[in-house]
Amino acid sequence: MFKIKEHKQLTEHKTIISAPLPKIVYLPLSQHLGQICSPEVTIGDVVSLGQRIASAQAKIFSPIHASVSGKVTAIQDWPHPVLGRCKAIVIENDGKDSFQPSVFSRQQEELDRLTPEQIRAIVFEAGIVGMGGATFPTHIKLNSPKPVDTLIINGAECEPYLTGDSRLMIEKTEEIIKGIALLKQCLGVQKIYIAIEDNKPEAISAFSLQPSAFSFQLIVLKSAYPQGGEKQLIKNILEKEVPSGKLPFDIGVVVHNVATVYAVYEAVYKNKPLYERVVTVTGSCLTNPQNLLVRLGTPIKELIDFCGPLKEEPAKIIIGGPMMGIAQYTADVPVIKSSGGVVLLNKKEARQQEEESCIRCGACVRECPAGLMPCLINLASEKEMWDEAKAYKAADCIECGLCNYLCPAKRKLTQSIKRAKLELSR
Ligand code: SF4
Ligand code: SF4
């Protein structure tokens, strides 16, 4: 792992505030790993806040909910932060925020009696997915096909610039603890670790002072990149390796991100579907970087305007962090369930330089946290030699972007390895 410049000072002390409500939201039908949803509404329908508007007939998917109340005005192709473009349900906000009638608070006695199946059903109905970026439906992760005895709560937030998880841990400690108790109830695990990097002293102190009905171990990790990868966390905390091609549950472990845990708390305690999330809107181009609570489907240009005015034109706008995030071609793109950050980089920070030939310095091999040889997978991928890419274990790449960051020749290593992974998965 590697120490990289963090840039977190721009927002780390900024309390989460609500972004202005968007006039129109664009809710893509794909915001999760698995089957793309189909609309359950048609143009002209009036919808309530939190109403389910899209679903699928498949094993792996997560339903989508209205993030404002109002009228469905279109179901059309729209920019998507990961896929480029995707069909989206467009809702014109009526400004009333009228809730669907089923939103309520559960009483403690009812909460205590919830079975694992009932918790999973609530989490599924609420449309919760891994909010650290993975977007795997959480209800499936709560139904491990193999016995698990260890739960790790990922509060590492090792991506530069992003501070939304850190603020959640400081401002919603009690709620996150309640969310962890629900996961414990659901998974039946005994060992619980909450992992936080040492660059978040306020969050560490919040959890060390927070009373809890169950015991957990607070793990303070030395800040390094990419500490927050599931396999890296497991290795650092438990000194166990997840074998190549396997998943954490194969060794009895499950990892959930803090924002996901908070969403589970909101779903179970308040019956609130996932229709908003915390987004760090940041970068030196902005006058007023912020941590914002944003309705899903809000175009990022509205967030940029809210955190502006711009001090200089950004050379690159990234959704997610600068290491693992995706550069966007338009600011019309909306926030989706996995969008933890909107980062605006100027020309210097964007490091837009021409690719040169590999100088065989070995930096990418030395530092790859997955123990791969990125330079060789890159060559195999460029030549479309997929058998070689497979032999070099391209599928084990966690897409952390560290090889790109370190490469003096500015080789687009991660992009080509992602392509190889995609080809190999077909
Ligand atoms: S090959 Fe993958 S895991 Fe290794 S440094 Fe590059 S992006 Fe990260
Ligand atoms: S870091 Fe770049 S230049 Fe160095 S070996 Fe890897 S690909 Fe080649």
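None of these values were measured; they are calculated from a predicted model.

Scanning the entire structure with this criterion turns up 24 salt bridges. The closest approach of N and O atoms between Lys 178 and Glu 174, which form a salt bridge, is 3.4 Å. Of the two residues, Lys 178 and Glu 174 are both situated in helix H5 (residues 173-187); the distance of four residues between them amounts to about one turn of the helix. A salt bridge links Lys 272 to Glu 266, with the shortest nitrogen-to-oxygen separation between them at 3.2 Å. Take Lys 272 and Glu 266: they sit in the same class, and that class is buried. Here the salt bridges share partners, and the residues they tie into one network are Asp 97, Glu 266, Lys 270, Lys 272, Glu 276 and Arg 295.

The next subject is the side chain of Thr 414. Within the secondary structure, Thr 414 is located in helix H15 (residues 413-425). When its relative accessible area of 6% is taken as the criterion, Thr 414 is described as buried. Excluding residues within four positions of it along the chain, Thr 414 makes contact with Glu 399, Gly 401, Cys 403 and Asn 404.

Turning our attention to unusual backbone geometry. The amide bond that connects Tyr 225 to the next residue, Pro 226, takes the cis arrangement and shows omega of -5 degrees. Tracing the backbone through its elements, the reader meets Pro 226 in the loop between strand E11 (217-221) and helix H7 (230-238). Cis rather than trans, the peptide bond between Gly 308 and Pro 309 has omega equal to 5 degrees. For Glu 157, which is not glycine, the phi torsion reads 40 degrees and is therefore positive. With respect to the element layout, Glu 157 can be found in the loop between strand E9 (150-155) and helix H4 (164-171). The phi torsion at Glu 239 lies on the positive side, around 55 degrees, for a residue other than glycine. When its relative accessible area of 71% is taken as the criterion, Glu 239 is described as exposed.

The next thing to look at is the domain arrangement of the protein. Structurally, the protein comprises domain 1 (8-101 + 273-348), domain 2 (108-270) and domain 3 (363-425). A separation of 23 Å is found between the C-alpha centroids of domain 1 and domain 2. In this assembly, 38 residues from domain 1 lie in contact with 30 residues from domain 2. When domain 1 packs against domain 2, the two sides together hide about 2,700 Å² of surface, and 62% of this comes from carbon and sulfur. When residues of domain 1 are sorted by the area they lose upon contact with domain 2, Lys 8, Leu 33 and Leu 274 head the list and together hold 21% of the total. The shortest N-O distance in the salt bridge between Glu 125 and Arg 52 comes to 3.6 Å. Where domain 1 touches domain 2, the interface holds 18 residue pairs in polar contact (both at pLDDT 80 or more). When contributions to the side of domain 1 that touches domain 2 are tallied by element, the ones reaching two or more residues are strand E13 (276-282) and strand E17 (341-345). Tallied by class, the residues present in the side of domain 1 that touches domain 2 amount to 14 nonpolar, 17 polar and seven charged.

Further remarks concern the environment of Ser 208. Within the secondary structure, Ser 208 sits in helix H6 (residues 201-209). Taking the C-alpha atoms as reference points, Ser 208 and Pro 334, separated by 126 residues in sequence, lie 36 Å from one another. In terms of polar contacts, Ser 208 uses its side chain to reach the backbone carbonyl oxygen of Ser 205, at 3.0 Å.

Surrounding ligand 1, one finds 13 residues, the nearest of these being Cys 368, Cys 397, Cys 400, Gly 401 and Cys 403. Those elements giving two or more residues to the shell around ligand 1 turn out to be helix H14 (402-406) and H15.

Okay, the side chain of His 32 next. Inspection of the secondary structure puts His 32 in the loop between strand E2 (24-28) and strand E3 (38-39). Of note is the side chain of His 32, whose polar atom sits 2.7 Å from the backbone oxygen of Gln 35. Separated by 3.4 Å, the side chain of His 32 and the backbone oxygen of Ser 62 make a polar contact. Residues contacting His 32, with those up to four places away along its chain left out, are Cys 37, Phe 61, Ser 62, Ile 64, Val 129 and Thr 135.

On the basis of which strands lie adjacent, the open sheet formed by four strands has the order E2-E8-E7-E4 and antiparallel pairing. Of all strands in the sheet, those bounded by a partner on one side alone are E2 and strand E4 (46-47).

Counting residues in each nonpolar core, the largest one holds 78 residues, and the members touching the most others are Ile 53, Ile 91, Leu 151, Ile 176, Ile 180 and Val 342. The greatest single-element share of this core, amounting to ten residues, is contributed by helix H8 (residues 258-270). Here this core gathers at least three residues from each of two domains, domain 1 (8-101 + 273-348) and domain 2 (108-270). Among residues more than four places away in sequence, those in contact with Val 342 are Val 279, Thr 280, Val 281, Thr 282, Ile 300, Leu 303, Ile 304, Ile 317 and Ile 318. The next biggest cluster of nonpolar side chains, apart from the first, holds 16 residues, and it includes Cys 368, Ala 394, Cys 403 and Ala 420.

Turning our attention to the packing of H4 against H5. Put simply, H4 and H5 touch, their axes get as near as 5 Å, and they point 95 degrees apart. When the axes of H4 and H5 are compared, the pair comes out roughly perpendicular. Contact residues: Leu 168, Met 169, Ile 170 and Glu 171 in H4; Thr 173, Glu 175 and Ile 176 in H5. Residues that form the contact of H4 with H5 fall into these classes: four nonpolar, one polar and two charged.

Parameters at a glance
- Residues numbered from 1 in each chain as written.
- Chains lettered and ligands numbered in written order.
- Predicted model: local features only at pLDDT ≥ 70, side-chain atom pairs only at ≥ 80, totals over all residues.
- Heavy atoms only, no water.
- Salt bridge = Lys/Arg side-chain N within 4 Å of Asp/Glu carboxyl O.
- Helix = DSSP H or I, 4+ residues; strand = E, 2+ residues; numbered from the N terminus.
- Buried < 20%, exposed > 50% of the residue type's maximum accessible area, 1.4 Å probe, protein only.
- Contact = heavy atoms within 4.5 Å.
- Domains from an automatic or database assignment.
- Buried area = accessible area lost by both parts, 1.4 Å probe.
- Polar contact = N/O pair within 3.5 Å; in protein donor to acceptor, adjacent residues only side chain to side chain.
- Nonpolar A, V, L, I, M, F, W, Y, C, P; charged D, E, K, R; others polar.
- Near = heavy atom within 4 Å.
- Pairing = 2+ DSSP bridges.
- Core = buried A, V, L, I, M, F, W, Y, C linked by side-chain atoms within 4.5 Å.
- Axes fitted to C-alpha atoms, helices over the stretch in contact; angles between N-to-C directions.
- Parallel < 35°, antiparallel > 145°, perpendicular 65-115°, else oblique.

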